[in-house]
Amino acid sequence: MTHVLIVGGGLTGATLAWRLAQDGVTSTVLERAAVPGGLVRSEHMNGVLYEPHGSHIFHTEDREVWDLATSITPFRDYRHRVDIVIEDKILNWPILLSDIDAQTRGDEIKAELEARRDVDAAARAQATNFEEWCLELMGPILYSRYIQPYTEKQWGRPARELSAQWAPRRVSVRWDDDPYLFPDPYQGWPAGPNGYTDLIDGLLGQPGVTVRTGVDVTLADLDAEMRAAGADRVILTCPLDEFSGGTLGTLDWRGIDVRSVYVPHVDLAQGAMVVNYPSKAFPFIRVHETKHASGQQCEGTVLGFEFTGAPSRYYPIELPENRELNDRYQDLLRTEIGADRVRFAGRLANYVYVDMDDCMREALDAAGALLDDLSRGGSSA
Ligand SMILES: Cc1cc2nc3c(=O)[nH]c(=O)nc-3n(C[C@H](O)[C@H](O)[C@H](O)COP(=O)(O)OP(=O)(O)OC[C@H]3O[C@@H](n4cnc5c(N)ncnc54)[C@H](O)[C@@H]3O)c2cc1C
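### Focus: helix 1 (residues 11-22)
Taking 1.5 Å as the rise per residue, helix 1 with twelve residues should run 16 Å; its terminal C-alpha atoms sit 17 Å apart, in good agreement. Of all the twelve residues making up helix 1, ten are buried; the element is thus mostly covered by neighbouring parts of the structure. Directly after helix 1, the chain includes G24, whose backbone phi takes a positive value near 75°.

### Observations regarding the sheet that holds strand 16 (residues 286-288)
One open sheet holds the six strands; their spatial order is 8-7-15-16-17-14, and the pairing between them is mixed. Of all strands in the sheet, those bounded by a partner on one side alone are strand 8 (89-93) and strand 14 (253-263). In this sheet, adjacent strand axes meet at a mean angle of 30° when their direction is disregarded. For strand 14 and strand 17 (residues 301-316), the ladder comprises eleven bridges, and the chain directions are antiparallel. The residue of strand 17 that forms the bridge with R259 is F305.

### Overview of helix 5 (residues 130-138)
Counting buried positions over the nine residues of helix 5 gives seven, a clear majority of the element. Those residues of helix 5 lying buried are F130, E131, W133, C134, L135, L137 and M138. Where helix 5 is buried, its residues contact strand 9 (95-96), helix 3 (106-116), helix 4 (121-124), helix 6 (140-155), helix 7 (167-170) and strand 10 (173-174). Where helix 5 ends, the next residue or the one after it, G139, has phi of about 85°, a positive value.

### Remarks on the sheet that holds strand 18 (residues 342-344)
Strand order in the open sheet formed by five strands is 12-2-1-13-18, and the pairing between neighbours is parallel. Whereas interior strands pair on both sides, the edge strands pair on one side only; in this sheet they are strand 12 (209-213) and strand 18. For this sheet, the mean angle separating the axes of adjacent strands, direction not counted, is 20°. Where strand 1 (residues 3-7) and strand 13 (residues 233-236) come together, four bridges link them in parallel fashion. Bridging from a neighbouring strand, V7 pairs with L236 of strand 13.

### What to know about the nonpolar core
L5, L16, A17, C134, V234 and L236 are the most contacted members of the largest nonpolar core, which has 86 residues in total. Tallying contributions element by element places helix 14 (residues 356-375) first for this core, with eight residues. Once you skip the residues sitting within four places of it in the chain, V234 turns out to touch L5, V7, L222, M226, I337, R341 and V342.

### With respect to the packing of helix 3 against helix 6
One can describe the packing of helix 3 onto helix 6 by two numbers: an axis separation of 8 Å at closest approach and a directional angle of 105°. Between helix 3 and helix 6, the crossing angle belongs to the class labelled roughly perpendicular. Of the residues in helix 6, those in contact with E108, I109 and E112 of helix 3 are P140, I141 and L142. Residues belonging to the contact of helix 3 with helix 6 are distributed by class as follows: four nonpolar, no polar and two charged.

### Examining the site of the ligand
Around the ligand, 36 residues are found, and the nearest of them are G8, G10, G38, C238 and G346. Classifying every residue of the shell around the ligand by side-chain character gives 19 nonpolar, eleven polar and six charged. No fewer than three residues from each of domain 1 (3-41 + 194-248 + 317-375) and domain 2 (43-81 + 180-192 + 253-316) sit in the shell around the ligand.

### Comments concerning the packing of helix 1 against helix 14
As a packed pair, helix 1 and helix 14 sit with axes 8 Å apart at the nearest point and diverge in direction by 40°. With respect to helix 14, the element helix 1 is oriented oblique. Of the two possible hands of crossing, helix 1 and helix 14 adopt the one that is right-handed. Between helix 1 and helix 14, the contacting residues are L11, T12, T15, L16, R19 and L20 on the first element and M356, C359, M360, A363, L364, A366, A367 and G368 on the second.

### Let's talk about the domain arrangement of the protein chain
When the domains of the protein chain are assigned, the result is domain 1 (3-41 + 194-248 + 317-375), domain 2 (43-81 + 180-192 + 253-316) and domain 3 (93-174). Measuring from the centre of the C-alpha atoms in domain 1 to the corresponding centre in domain 3 gives 38 Å.

What counts as what
- Residues numbered from 1 in each chain as written.
- Predicted model: local features only at pLDDT ≥ 70, side-chain atom pairs only at ≥ 80, totals over all residues.
- Helix = DSSP H or I, 4+ residues; strand = E, 2+ residues; numbered from the N terminus.
- Expected span 1.5 Å × (residues − 1).
- Buried ≥ 20, exposed ≤ 12 C-beta atoms within 10 Å, placed from the backbone.
- Pairing = 2+ DSSP bridges.
- Axes fitted to C-alpha atoms, helices over the stretch in contact; angles between N-to-C directions.
- Contact = placed C-beta atoms within 7 Å.
- Core = buried A, V, L, I, M, F, W, Y, C linked by C-beta atoms within 7 Å.
- Parallel < 35°, antiparallel > 145°, perpendicular 65-115°, else oblique.
- Nonpolar A, V, L, I, M, F, W, Y, C, P; charged D, E, K, R; others polar.
- Near = placed C-beta within 6 Å.
- Domains from an automatic or database assignment.
- Left-handed = near helix turned anticlockwise from the far one by under 90°.

As structure tokens, this is what we get:
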């Protein structure tokens, strides 16, 4: 009977374990932190539910993933709105036409937008970098207020050095004045008492799933861990350079640090769950307030001030050399562990940014592929 070792107890590891358990395949999830959940875990501070790693909004077109998430924990209806501070005023993000008149040089901005309104998306997709793409969409004034300082604060490098690839998913001008960030048909935030922690605990709380926390697994001790768990297959959801002892070099990430503070005596402290602060006059880039999404009724709130440039693994730096390095780590580990025994899943082992719905979809597919392989008695990963 196959038993699977899963390294990392974030949303990927938890979804893998859930899917395997549906087919009666047992697993052991090893998590190095004191509690599972990774980036999505929610916590309490003075009774207020908050997110230590910043706001997470579940939004998807994937009905199967939505049905799975909502079968594990109920979700409340929450549509995400983001505020942004521009010229000391609180405006909407993405850019709304109705916000132009609140700014200086409104007529010039409108002329710059009008001149670009008919540039079609395919032509803009030819842009060679992020800055060029944004300038072609909105013109220089809006770009210099909303995009350039925010992007450079977030990535620590000029926007023209960044790929245009991400722009269509992150940047838009709303000609129809729709203030909400995501268009997906299924959106929400966990309605239970512990936020996303209920989702994680529910996924892991299946018969046949064993969870051990405080275990930092490396290649050097993998065999011992597999023997101890009685596992003959392993799925890695952890960073491969660290796991392998850095033998091929270190993968670059852009990190953030969210400092959360309790604010007494108020219900809410800001107008939206996330407020963006693009100006370099502010040392932080965003402020998070989970209460907007959780709908928790209590006195006091928690604000999370997000600072960039921390040495943590949040956003991969999508350069060909980084992609190639991660591929080389996967090849190395297939050789060291056995191509038939190891698989990779999740944002860290695949060196990608994935939203939670894609993360769950990929975990379901990866577990499904392993189950197919096992049912064929196969040995290829
Ligand atoms: C700033 C930010 C905001 C986001 N906001 C949203 C959002 O609004 N909506 C959305 O859909 N998605 C959002 N996401 C994406 C979401 O966080 C990810 O999809 C999800 O966390 C991926 O889960 P994971 O398990 O792959 O990774 P992680 O959550 O990082 O989990 C990996 C786990 O592995 C453990 N681990 C690592 N190495 C080892 C080891 N050697 N041994 C044992 N354990 C190990 C870690 O401790 C961690 O618990 C956001 C991501 C970021 C960075």
